[in-house]
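# Residue-level structural notes
These are the residues of each chain, in order.
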Amino acid sequence: MTQVKQGDTVRIHYTGTLADGTTFDSSAGREPLEFTVGSGQIIPGLDSALPGMSEGDKKTVEIACADAYGDHNPDARQAIPRQQIPADIPLEPGLQLQMRTPEGQAVPVTVVSVDEAEVVLDANHPLAGKDLTFAIELVSID
């Protein structure tokens, strides 16, 4: 039976959970996730778990934060003056916004705190610093 190798296009069903068992993402009820193994399209820890699997194989993979979205970087938090954000945006902790770098690249940020003078934004990925578990099923290999 054919086994996954670098460069193959695969389709997987998956459920991703945190250490406390909370599901953060799943392909349940959707089409399988399709990507090319080794291309950098998915997190490294999940990508490296696929070579050697065959169609129909299922496994659970525990991925350290370093092989997922990285450690939480305290330098990715920034306080900005409240007046720099349009007044019509209802700021509250947990709200996700998009900022632009000086080069024009969009960067997703999360509001951490808000007061009269400033807003603290966090550009870390929401799953940064977290170990992840994925239950995966290899649907197909092309």
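Just so it is clear, the structure is predicted and the values come from calculations on it, not from any experiment.

If you walk through the whole model with that rule in mind, you get 2 aromatic pairs. Relative to F134, the ring of Y14 lies with its centre 6.2 Å away and its plane at 55°, an arrangement referred to as tilted. One end of the pair, Y14, is in strand β1 (residues 9-17); the other, F134, is in strand β9 (residues 132-141), and 120 residues separate them in sequence. Considering the side-chain rings of F24 and F134, the 5.6 Å spacing of their centres and the 90° angle between planes classify their relative orientation as edge-to-face.

Attention shifts here to the environment of P108. Locating P108 in the fold gives a position in strand β7 (residues 106-114). You can call P108 exposed: its relative accessible area is 51%. Sequence spacing of P108 and L121 is 13 residues, and the spatial spacing of their C-alpha atoms is 9.7 Å. Excluding residues that lie within four positions of it along the chain, P108 makes contacts with L97, Q98, D122 and A123.

Ranked by internal contacts, the top residues of the largest apolar core, which has 22 residues, are V4, V10, I12, L46, L50, F134 and I136. Put simply, the parts of the chain that give this core at least two residues each are β1, β4 (58-63) and β9. No other element matches the 5 residues that β9 contributes to this core. Those residues in contact with I136, other than ones at most four positions away along the chain, are I12, H13, Y14, L46, L50, M53, D57, K58, K59 and V61. In terms of nonpolar packing, the next biggest core, distinct from the first, is built from 8 residues, I80, L97, V109 and V111 among them.

Turning our eyes to something else, we now look at the pattern of salt bridges. Any two side chains of opposite charge can pair, given that their charged atoms come close. Taken as a whole, this structure holds 5 salt bridges when the rule is applied. For the salt bridge of D142 with R11, the shortest nitrogen-to-oxygen distance reads 2.8 Å. Placement of the pair is D142 in the segment after β9 and R11 in strand β1, with a sequence separation of 131 residues. Looking at D142, the relative accessible area reads 57%, which means it is exposed. One salt bridge in this structure joins D122 and R77, with 3.5 Å as the shortest N-O distance. One end of the pair, D122, is in strand β8 (residues 118-122); the other, R77, is in strand β5 (residues 77-81), with 45 residues separating them in the sequence.

Turning our eyes to something else, we now look at the sheet that holds strand β6 (residues 96-100). Read across the sheet, 4 strands follow the order β5-β8-β7-β6 without closing on themselves; strand pairing throughout is antiparallel. Each end of this open sheet is capped by a strand with a single partner; those strands are β5 and β6. Strand-to-strand twist across the sheet, computed as the mean angle between neighbouring axes with direction ignored, equals 45°. Here β6 runs beside β7; their pairing, made up of 5 bridges, is antiparallel. When the bridges of β7 are listed, Q96 appears paired with T110.

Here the focus is the side chain of S140. With respect to the helices, strands and loops of the structure, S140 is situated in strand β9. A polar contact of 2.8 Å, which involves the side chain of S140, links it to the side chain of R11. Excluding residues that lie within four positions of it along the chain, S140 makes contacts with T9, V10, R11 and E55.

Here the focus is the pairing of β1. With 4 bridges joining them, β1 and strand β3 (residues 33-36) adopt antiparallel strand pairing. Paired with I12 across the two strands is L33, which belongs to β3. Here 8 bridges tie β1 to β9, and the two strands are oriented antiparallel to one another. For T17, the partnering residue across the bridge sits in β9 and is T133. Bridge analysis of β1 against strand β2 (residues 23-26) gives 3 bridges, and the strand direction is antiparallel. Each bridged residue has a counterpart across the sheet, and for T15 the counterpart in β2 is S26. As consecutive antiparallel partners, β1 and β2 are separated by 5 residues, and within that stretch G21 has a phi angle of approximately 95°, a positive value.

Conventions used here
- Residue positions within a chain follow its written sequence, with the count starting from 1.
- With pLDDT at 70 or above as the cut-off, local features in this predicted model cover only qualifying residues; side-chain atom pairs require 80 or more to be listed or tallied, and sums for whole chains, interfaces and linings still use all residues.
- Water and hydrogen atoms were dropped before computing side-chain values, which therefore reflect all heavy atoms in the structure.
- Within 6.5 Å between ring centres, the rings of Phe, Tyr and Trp (the latter by its six-membered ring) count as paired, and their orientation is classed by plane angle as stacked under 30 degrees, edge-to-face over 60, tilted in between.
- Per the convention used, a helix needs a DSSP run of H or I reaching at least four residues, while a strand needs a run of E reaching at least two, with both numbered from the N terminus.
- A 1.4 Å probe rolled over the protein chains alone gives each residue an accessible area, and that area as a share of the maximum for its type sets the label: buried under 20%, exposed over 50%, partly exposed in between.
- Here a residue-residue contact requires only that any non-hydrogen atoms of the pair lie within 4.5 Å.
- We define the nonpolar core as a collection of buried residues of types Ala, Val, Leu, Ile, Met, Phe, Trp, Tyr and Cys that are connected through side-chain atoms lying within 4.5 Å of one another.
- One side-chain nitrogen of Lys or Arg within 4 Å of one carboxyl oxygen of Asp or Glu is enough to make a salt bridge.
- Between any two strands, pairing holds if DSSP finds at least two bridges.
- Only the stretch in contact is used when a helix axis is fitted, and all axes are lines through C-alpha atoms; the angle between N-to-C directions ranges over 0 to 180 degrees.
- Pairing of N or O atoms within 3.5 Å defines a polar contact, subject to two protein rules: one partner must be a possible hydrogen donor and the other a possible acceptor, and residues neighboring in sequence count only if both atoms are side-chain atoms.

Any functional reading would require information beyond the geometric quantities listed.
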